[in-house]
Structure formats: C-alpha cells, structure tokens
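Examining the three-dimensional arrangement
So you can see what is in the structure, the chains are spelled out below.
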Amino acid sequence: MLQKRRTFLKTTSLGLSVLATGTAYRCQGKSTPIANVTHPVIISTWDHGMAANKVGLNILKNKGSALDAVEKGVIVVENDPTVQTVGLGGFPDREGNVTLDACIMKGDGQCGSVAFLQDIKNPIAVARKVMEKTPHIMIVGSGAKQFALEMGFKEENLLTEASRKKYEEWLKTGVYKPKINIENHDTISTLALDANGHLAGACTTSGAAWKMHGRVGDSPLIAAGLFVDDEVGAAAATGLGEAVIRTAGSAMVVEAMRHGQSPEEACRSVCLRIKDKHKDISDLQVGFIALRKDGAYGAYSLQPGFTYALGQNETHELYQATSMF
Ligand code: GLY
C-alpha cells in the first residue's frame, strides 16, 4: 500500500503542473483527463474516506443527490468505533467527554451545523436536520443535544473502552501539545458532485484529542472546515482547526478556484497563507481537498502523510496529497 501511495504522489505532483495548461494525467500512464471527469465524483479525506466514498458513490451512481452521498458516506465513519477521531469512539477532551462537531452544505448555499454535541453518534445527520428543519444554521452544546433528541436521535455513550484506555494513558502526563497527523487527528470531510451537476460537502470530527472542554475547531464552521458553491466548486479541511479558522480556509480555496486556480493550486495557496501566519509549523498539519464543478479535483497539505480517497466511475483509489515539506 505504501508503495502504491508513493507512486500516486509522484504522479499527482506531475498533474499539478500540467493542470495549469488544461489537461492533466495521473497514475502510471493511465490517462485520465482531469478537466473532463465524468459525473459523478466523490472525494474524502484520509484512508477512512475509502469507506465513505464506497457508500457515497453508490448513491450517486443510482442518481442520488450529492447531499445524500456525503451524509450517508461520512455516517459510515461516524459509526466505526475504530476511527478514534470521528463519532462513536472518538477521543475525549481532557475531562473525558466525547464532544462532536459537524457541518453539511449544499451548492445552493443551504447549510447546517452542530458543535460541542455530546452523546449523539451522528452529528452530521443532526447538522442536516438543522439545515432542513430549523430557520438556523448552527446549534451547539446542550441545545444541539436537545434538538437531536427532539428529532428522534438516540442518546448513547460514545466513549469506547479503547478510547478510554488511551485517555487514561494520556492522563498520566496530561501534557497537551496537539501534534496533528494521521495518528491522532483525522477529520472526515467528503465532497461530492452528482449527476445533475450539484455539489455538496460534509465534515465531521471529535476534534483534537484531549482538547479543552468546550473547544470547537474548524469542522462545524461553514467557510473554515467546509465551503460549497455550485457556481465554482467545493473545498474541505482537515488538520489543526485553529489554523484553518484563522484563514477561513475552505472558503478561500473555493475563492481561489473562482479566480482561476486549479483545485490543487487553490489548496496550496491556502496552505501557503497558513504557513505565513505561523512562526513554527513543524508540528502543524493542515490539509485541504477540493472539487471543482466540472469534476476536477485536488488536494494539498502542509506536512507529508495526508491521504485522500477518490471515487468515480467504477473505481476507488487512495492518493497521497502533495505536501509543502
Ligand atoms: N479539524 C478538526 C479540528 O481541529 O477540530
């Protein structure tokens, strides 16, 4: 698998420079004109994005909406207790509470979000209900839980035995120094383009492990963790939320695409901006994925190690994003 990822990395980098001229190719001589990707397309952050994409692409291939594809896709990851950074089994905050953040957005500007939600394992589905059933966009904390219960969601303990053990290990030192990478922080963000040319995105996480109680990152924030505009494209983030919020990261990626940058160039531009705003980025990881309205896609991260999953036509593949270092 590692070997496969390295090969993809090389070709993805090549794709960036060629993309500027309009036609790009990726992956071991297999020609895929990125500018003319057949609908539908789905792209997700990290290795667990493969599982999300499988469910999402199936929905898209059956003429389902991009909104259903991203929601049902990320729910697979929220429900997986072995993913300790999303939903059930997520690492708790420093006081032992699992608190979840999520948002969802359609290309027409409709969106919904929940933050600091406890005891409900599918925050993305609650965020969708906020979008569809309330006049609001964001509901947090006990209000979000109350709303979820009213909508019929079940209350349950999200702290699994495995995550509790890791928490107890951490408590022995209790040193909080967020080091963000695949081992301890991997938000799932998913973007999809459906057969009707509509875009949607979803972003869901348990946030940084051992965070301060009440801390909220970028993932539930429209414009930071996720931004979608049918006129241009969609973008989503993973990594240290504070750095993404500081730059309105995902909205900036979409705006860079609006001004003509390719998806990968746009992700890179915002990573550069993040780099310029931080004195020391040695422990800082941020990654973006982007999907343009014509199906062109791209990703970029500050540090190496950021993977993203792509599903289109009959294929599912995992790529290593090009990184700054
Ligand atoms: N990117 C997710 C977080 O920082 O919480």
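Above: the structure in question.
To keep things clear, this report deals only with the structure shown in the data block. Model, not experiment: these values are computed from the prediction. (Residues numbered from 1 in each chain as written. Predicted model: local features only at pLDDT ≥ 70, side-chain atom pairs only at ≥ 80, totals over all residues. Heavy atoms only, no water.)

1. What to know about the pattern of salt bridges
Taken as a whole and assessed by the stated rule, the structure comprises 15 salt bridges. Between arginine 164 and glutamate 168 there is a salt bridge whose closest N-O contact spans 2.5 Å. On the criterion of helical spacing, the pair formed by arginine 164 and glutamate 168 is a turn pair, its members being four residues apart in helix 6 (residues 161-171). Of the charged contacts, one joins aspartate 294 and arginine 292 as a salt bridge, the two residues approaching to 2.9 Å between their closest N and O atoms. Here aspartate 294 falls in the partly exposed class, since its relative accessible area comes to 28%. (Salt bridge = Lys/Arg side-chain N within 4 Å of Asp/Glu carboxyl O. Helix = DSSP H or I, 4+ residues; strand = E, 2+ residues; numbered from the N terminus. Buried < 20%, exposed > 50% of the residue type's maximum accessible area, 1.4 Å probe, protein only.)

2. Digging into the site of the ligand
The local shell around the ligand holds 11 residues, among which Arg215, Asp218, Ser219, Gly239 and Gly241 are the closest. Between the ligand and arginine 215, the relevant distance is 2.6 Å, taken from an oxygen atom to a side-chain nitrogen or oxygen of the residue. Glycine 239 is positioned with one of its backbone polar atoms (N or O) 2.7 Å from a nitrogen atom of the ligand. Burial of the ligand by the surrounding chains reaches 100%, relative to a free accessible area of 200 Å². (Near = heavy atom within 4 Å. Polar contact = N/O pair within 3.5 Å; in protein donor to acceptor, adjacent residues only side chain to side chain. Areas by Shrake-Rupley, 256 points an atom, 1.4 Å probe, with all protein chains shown as cover.)

3. Focus on a nonpolar patch on the surface
A cluster of nonpolar side chains, contributed by Ile137, Met138 and Val140, occupies part of the molecular surface with about 240 Å² of accessible area. By the secondary structure assignment, valine 140 is in strand 4 (residues 138-140). (Patch = residues over 30% accessible without salt bridge, like charges linked within 9 Å, V, L, I, M, F, W, Y side chains within 5 Å.)

4. Describing the side chain of threonine 204
Structurally, threonine 204 can be placed in strand 6 (residues 199-205). Owing to a relative accessible area of 0%, threonine 204 belongs among the buried residues under this scheme. If we skip the residues at most four places from it in the chain, threonine 204 touches Val74, Glu78, Val86, Asp101, Ala102, Pro123, Thr187 and Ile188. (Contact = heavy atoms within 4.5 Å.)

5. Points about the pairing of strand 5 (residues 188-193)
Burial of strand 5 is extensive: six of the six residues sit out of reach of the surface. Of the two faces of strand 5, the one holding Ile188, Thr190 and Ala192 and the one holding Ser189, Leu191 and Leu193 are both buried throughout. For strand 1 (residues 41-45) and strand 5, the ladder comprises four bridges, and the chain directions are antiparallel. When the sheet's bridge partners are listed, isoleucine 42 is paired in strand 5 with alanine 192. As paired strands, strand 5 and strand 6 are joined by six bridges and run antiparallel to one another. (Pairing = 2+ DSSP bridges.)

6. Observations regarding the sheet that holds strand 7 (residues 226-229)
Judged by pairing direction, the sheet is mixed, and its five strands sit side by side in the order 7-8-9-10-13 without closing on themselves. In this open sheet, the two edge strands, each paired with only one partner strand, are strand 7 and strand 13 (322-323). With seven bridges joining them, strand 8 (residues 233-239) and strand 9 (residues 286-292) adopt antiparallel strand pairing. Considered in strand 9, the bridge of alanine 234 is made with leucine 291. Contacts from helix 8 (residues 249-258) reach strand 7, strand 8 and strand 9, with the element oriented near 145° to strand 8. Taken strand by strand, helix 9 (residues 263-276) contacts strand 9, strand 10 (297-301) and strand 13, and its axis lies near 20° from that of strand 10. (Axes fitted to C-alpha atoms, helices over the stretch in contact; angles between N-to-C directions.)

7. Some words on the state of the cysteines
Within the structure shown, the criterion is met by zero disulfides. No disulfide involves cysteine 103; its sulfur sits 5.2 Å from the nearest other cysteine sulfur, which is in cysteine 203. (Disulfide = S-S within 2.5 Å.)

8. A few points about the sheet that holds strand 12 (residues 315-320)
Working definition: the strands of a sheet are paired by backbone hydrogen bonds and lie parallel or antiparallel to each other. Strand order in the open sheet made by the eight strands is 4-3-2-6-5-1-11-12, with mixed pairing throughout. Both outer strands of the open sheet, strand 4 and strand 12, are each paired with one neighbouring strand and no more. Adjacent strand axes in the sheet meet at a mean angle of 10° when their direction is disregarded. Pairing of strand 1 with strand 11 (residues 307-312), which is carried by five bridges, proceeds in the antiparallel orientation. Its bridge partner lying in strand 11, valine 41 is registered against glutamine 312.

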